[in-house]
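Descriptive structure summary
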Amino acid sequence: MSLCMERPGATASIYNNFQKESGRSFLEVPSDFAAASSSLSSSSRNSGHPFKRYTVSSNGIHGTNENKSRYSRRQDWVRLVLKSKELDTKDAKPSNNDNRYTNFTRAWIYILFFIVAICYFATETVLQGSTGSLLQETASIASEALAVKHFHERAGKALSKSEILEYEVKFVPSKLNEHFLKQKVALDHLRNAPRSPIRRPRLAMVFFELGPTPELLYLLTMWKALAVLGYELHVFSLSDGPMHHEWEQNGAFVYIPKVDSIQYGLGIDWLMYECILLSSLDARSILESFCLDPFQQVKVVWILHERMQLDQHMYSVPTSEADALSGYKKAFERADVVLLSDYALAMMYGRFDRGNFYVLPGSPIPEFEARSFMSMHSRKEIRGLLNLSTHDIAIAVVGSPFSYRSAWRGYAIVMQAILPLDEFVQSKGLQLQIMTWSAASSRALKQILASQSGFTNKSMHHFGRIDELNNLLWAADIIVYGSLREEQALPSVLVKALAFGHPIVVPNITVVRENMQDGRYSHVFEAGDNNALVRALKEALLESEVMNHGHGMRSKSVHGGLPIANIISEFVNFLEVFIDFPSDVHIPFPISLISEQLENNWPWQLLEAHTYSARKPPERNIVRSPIPERQRKSPLKIGHETGVTHYDDILDAADWDQFRLLKLAEEMEENEDEQIKERNGQIHGRWEEVYRSVRKAENMKHELHEREDGELERTGQPICIYEPYIGAGTWPLLGKKSILYRGINLISQQRRPDSDDIEAPLRLPLLNDSYYSDVLCEFGAFFAIANRVDRIHKNSWIGFQSWRAAGRNVSLSTKAELALVDAVKGHNGDKVYFWATTDLYSSKGSLQHDFWTICDSINNGNCRSMFLKAFKDMYALPSNWDLLPPMPNDGASWSALHSWAMPTSSFLEFVMFSRMFVSSLDSLTSGQAHGTCNLSVSPREAKHCYCRILELLVNIWMYHSGRRMIILDPYDGTMHEQHHLPSRHNLMWLNFFSYETLKGMDEDLAGEVDDSFNTSKQWLWPRTGEVFCQQIYDRERRQWYNRKLEKKKRDKERVKRIRGRQRQQPLAKG
């Protein structure tokens, strides 16, 4: 955020005024003042006080004035310095009385300085808060009162517009603007580029409750336009509400997830969405789950319409409040964009700004507050509360939400314009009442302005709290916007004033000219023209119908809100440049195509249809604290009147010290008890026995392989299904803990607690490289399991189910699990079962495209070309080879999401093929920089470059290696064979995918590694698993035999050395 300020030359104006009034400049000194200063300086020099002057002659003694002229030349100063050292010490030093006087004075100066320092620190530590603000307010009132006096001295002079509109303060998110500009250029390029998309862009909105709130009304209105442009929306809410039907009626999919805790998310695969939209401050706890892997790369927009005030008591003793504040800071940092509806909110949340704040002006909340307030309070009731009678005409003067230097100037101009109306109103038998509201100026300053403008204290009413604004606007007859400062957007106070339906008088600042028309219920005047302001006030007074009809005619608003078409257009344009559209997504239509179909007003009938929303008191004016109510401590009470915080029942520092001492004593006692138990349980023996047992334990340390209970239980099962996952954010998406499943973590040190999950980076060091861990995705788990598979996998069948399967709602149910276990027990033939299909890629639920078209759609249209290049490099085919393995479109399904099961021997064969293919694919991109990928469009796709083409690789291997492909329904467990073997006759490339061919290629590559061939270039294959061939086996066998012979030789030498060793004869025999 950057603030751009423009200030006029205030010093120059003060200088000109002073010169005009006094007739001289600042540099001219009066003669009487010069004479007085001259006499004062001469007397001080002649008196010898406070400093004693010594004149030095050429002989080193006191001289006359004639001797002084000798040292006027520069070269004589050296002689002066040398001779001055020869002065008599008695004549050169002060007397003892002078020394005592100087020491006494210096001591008092030190004491005074010490007292001032103590007072300063006491003021900073004790008198902060109300006292400090009172001193600042008093100083500002005094300085501004002088400015008011100067303003009234110039009241008869015309003011230019540059003097009225003093300066501007602009909120400019420069980094986001630069990024959005680049995104807009890239989006225009994507619209013109050839694409083959298969789905619509997906959005997700997350709420705590689907109640009739203005925040939901805002997003529902935006969604109506987004649905026409081609977006798809999924709505998630922790609890249901009356707005559920409204979302579904407008084409959104509504889900109510049932989760016990939201610490690790809602159990949803957020990677399937292009953007997540969160609303309200309550979404902070949900936003924290997006800080976990792998959801850190998901784009999140946090939309805020609410106000929040951070009190000083939050930084004090209670740790829960400090933790809540830290949680808000993390949430604001995690959000890619914090979307605010008002520039005042950008200042309010300024301490949390990390360069991700963006303002889209416009919100239904101000109008909602006005409507709710009018529905619950009659105008007569509010006027009586403010002591306004039926013979009073109330003029409300409101101002800018920002505090700036010359806020008083606008109020002074308005009060001067209202003054001529006082006589006109009194002639009608009525009384004029002026009510002012602003956060920019103090109450005392307004009283000074009122007294100097000619108004009495009885006719002036001053308000400054935000909860008093509704009373002021509802009770007023005319509303005047008194701020003459240029704003970036229409202030919310004006939007709310329009909703109350009173005549409004506003200056012709830029945002007023763009959003309000000079006509009924809005009167625009030229800023700086007092006569125009007086005319606008008279027109508003006559239009209000108060002069003839009183206040009993109207009790509801008669004026609608501002048009919202511009708000919808800006929101849609923002989403277009914010979202990174993947290669398989349709580019939405531009908003210009439906600009004429956009709504002009908020659909209030959706909220009014629910009765309890009208009875619910509006809480939008309440200044919220960032501490959730459930996290507040009950003993903590805040005084509503004085603002004093009471910590009656909170532990102090002494209590905490005593608690720590007790805790430390308990730990020491427990340690002593454990040591005593260990000593009592020891079995004492001879040192030889202890030594032998220790050596035996050390020798067996590396041979002991303790197996956990889960591994022992899985040994007797026919199949084990491994679930690869990435980070703590995917834990809720994993299957229930059972002997059928076992997790495999792809990121080190993020394994589930209290589980026997496998750490993939420990089994395959390649995964410690973050680049290959990202580009391989689940294939990293395949390579880690296949690397010395007999050490961890003892079952005849092996299966995999991606963590994304649960997020897409295609994970195996209990019924499907039993069906799969029964099917693999009665194994006959080489089969592959899969339960997630490529239909998940489409928004329609089913794809009528062939295999290679689907692969091109999700890989930026380069799947065929990249697969062909890798296939040719893998098999060393000629350069003119242009054939792809045939994958016919026979209406059957293909596997997706790495959710399948097959025999363990078939899995090892598939990994053998995959390792060579991945190595060839990696060699094609080895010259490119990390982060660039021909298979991707968006940055998130580029990070996982190979993942989408490898996800479909198992289909090519299954089809052309002659495996039977059976689809398993994940819900009811029914099975159907796909791509029957007779239909594949003359289509399968068995020569390329047979076991003998792949085994021979694998041994050739292992031989190259053993011969240190091909080490000059970057080669991925040796790092993806075991390197084995007969040559390596024979060499290792010879090495093992040689080590065995060397060990026997060392043992013989040691025994011989022991036997030939001389022993000392005993000195005496008993």
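What comes next is a walk through the structure. (Residues numbered from 1 in each chain as written. Predicted model: local features only at pLDDT ≥ 70, side-chain atom pairs only at ≥ 80, totals over all residues. Heavy atoms only, no water.)

1. Observations regarding a negative patch on the surface
Side chains of Glu-666, Glu-667, Glu-669, Glu-670, Glu-672, Asp-673 and Glu-674 sit close together on the surface and give a patch of like negative charge. Among the secondary structure elements, Glu-669 is positioned in helix H27 (residues 653–680). (Patch = residues over 30% accessible without salt bridge, like charges linked within 9 Å, V, L, I, M, F, W, Y side chains within 5 Å. Areas by Shrake-Rupley, 256 points an atom, 1.4 Å probe, with all protein chains shown as cover. Salt bridge = Lys/Arg side-chain N within 4 Å of Asp/Glu carboxyl O. Lys, Arg positive; Asp, Glu negative; His and termini not counted. Charge placed at Lys NZ, Arg CZ, Asp CG, Glu CD. Helix = DSSP H or I, 4+ residues; strand = E, 2+ residues; numbered from the N terminus.)

2. Considerations on the side chain of Gln-433
Structurally, the position occupied by Gln-433 is in strand E11 (residues 431–437). A distance of 2.9 Å separates the side chain of Gln-433 from the side chain of His-461, its partner in a polar contact. Look past the residues within four positions of Gln-433 in its chain and what remains in contact with it is Leu-388, Asp-392, Ile-393, Ala-394, Ile-395, Lys-458, Ser-459 and His-461. (Polar contact = N/O pair within 3.5 Å; in protein donor to acceptor, adjacent residues only side chain to side chain. Contact = heavy atoms within 4.5 Å.)

3. A short note on the state of the cysteines
Applying the stated criterion across every chain, the model contains 3 disulfides. In this model, Cys-855 is linked to Cys-863 through a disulfide, with the two sulfur atoms separated by 1.8 Å. Every disulfide takes its handedness from the sign of the S-S torsion; for Cys-855 and Cys-863 that torsion is 70°, giving right-handed. The burial state of Cys-855 is the same as that of Cys-863; both residues are buried. (Disulfide = S-S within 2.5 Å. Buried < 20%, exposed > 50% of the residue type's maximum accessible area, 1.4 Å probe, protein only.)

4. Focus: the environment of Ser-196
Structurally, the position occupied by Ser-196 is in the loop between helix H9 (174–192) and strand E3 (202–209). Look past the residues within four positions of Ser-196 in its chain and what remains in contact with it is Asp-856 and Ser-857.

5. With respect to the pairing of strand E13 (residues 478–481)
Where burial is concerned, the two faces of E13 agree: the one with Ile-478 and Val-480 and the one with Ile-479 and Tyr-481 are both buried. The pairing of E13 with strand E14 (residues 504–507) spans 2 bridges and is classified as parallel. Looking across to E14, one finds that Val-480 is bridged to Val-505. Crossover handedness for the path E13 to helix H20 (residues 492–500) to E14: right-handed. (Pairing = 2+ DSSP bridges. Right-handed = clockwise from strand over helix to strand, strands pointing away.)

6. Some thoughts on the sheet that holds E11
One open sheet accounts for 6 strands, arranged E12-E11-E10-E13-E14-E15; its pairing is parallel. Each edge of the open sheet carries a strand with a single partner, namely strand E12 (460–463) and strand E15 (522–525). Between one strand and the next, the sheet's axes are offset by a mean angle of 20°, whatever the strand orientation. Seen against the sheet, H20 touches strand E10 (392–398), E13 and E14 and runs at an angle of roughly 155° to E14. (Axes fitted to C-alpha atoms, helices over the stretch in contact; angles between N-to-C directions.)

7. Details of the packing of helix H37 (residues 904–924) against helix H42 (residues 995–1010)
In the contact formed by H37 and H42, the axes pass within 10 Å of each other and the chain directions differ by 50°. The angle between the axes of H37 and H42 places the two elements in the oblique class. When the axes of H37 and H42 are compared, the crossing they make is left-handed. Taken together, the residues of H42 that come into contact with H37 (itself represented by Glu-909, Met-912, Phe-913, Arg-915 and Met-916) are Tyr-995, Leu-998, Lys-999, Met-1001, Asp-1002 and Leu-1005. Of the residues contributing to the contact of H37 with H42, the split by class is 7 nonpolar, no polar and 4 charged. (Parallel < 35°, antiparallel > 145°, perpendicular 65-115°, else oblique. Left-handed = near helix turned anticlockwise from the far one by under 90°. Nonpolar A, V, L, I, M, F, W, Y, C, P; charged D, E, K, R; others polar.)

8. So, H37
Its 21 residues give H37 an end-to-end C-alpha distance of 30 Å, which sits within 8% of 30 Å, the value for a rise of 1.5 Å per residue. Burial analysis of H37 places 17 of its 21 residues in the buried class, the great majority of the element. (Expected span 1.5 Å × (residues − 1).)

9. Points about the packing of aromatic side chains
By convention here, two paired aromatic rings are described through the distance between centres and the angle between planes. Considering all chains together, one arrives at 51 aromatic pairs under this definition. Ring geometry for Trp-474 and Phe-500: centres 5.7 Å apart, planes at 35°, overall tilted. One end of the pair, Trp-474, is in helix H19 (residues 469–475); the other, Phe-500, is in helix H20, and 26 residues separate them in sequence. Residue classification places Trp-474 among the buried residues on the basis of a relative accessible area of 0%. When its relative accessible area of 0% is taken as the criterion, Phe-500 is described as buried. When the ring centre of Phe-578 is taken as reference, the NZ or CZ atom of Lys-299 above it lies at 4.7 Å. One residue, Arg-915, lies across the ring of Trp-1021, its end atom 4.5 Å from the ring centre. (Phe/Tyr/Trp six-rings, centres within 6.5 Å; stacked < 30°, edge-to-face > 60°. Lys NZ or Arg CZ within 6 Å of the ring centre and 35° of its normal.)

10. Looking at the pairing of strand E23 (residues 900–903)
Relative to E23, strand E21 (residues 797–800) runs antiparallel, the two sharing 4 bridges. The partner of Trp-797 across the bridge, within E23, is Pro-903. Pairing of strand E22 (residues 831–834) with E23, which is carried by 2 bridges, proceeds in the antiparallel orientation. When the bridges of E23 are listed, Tyr-833 appears paired with Ala-901.

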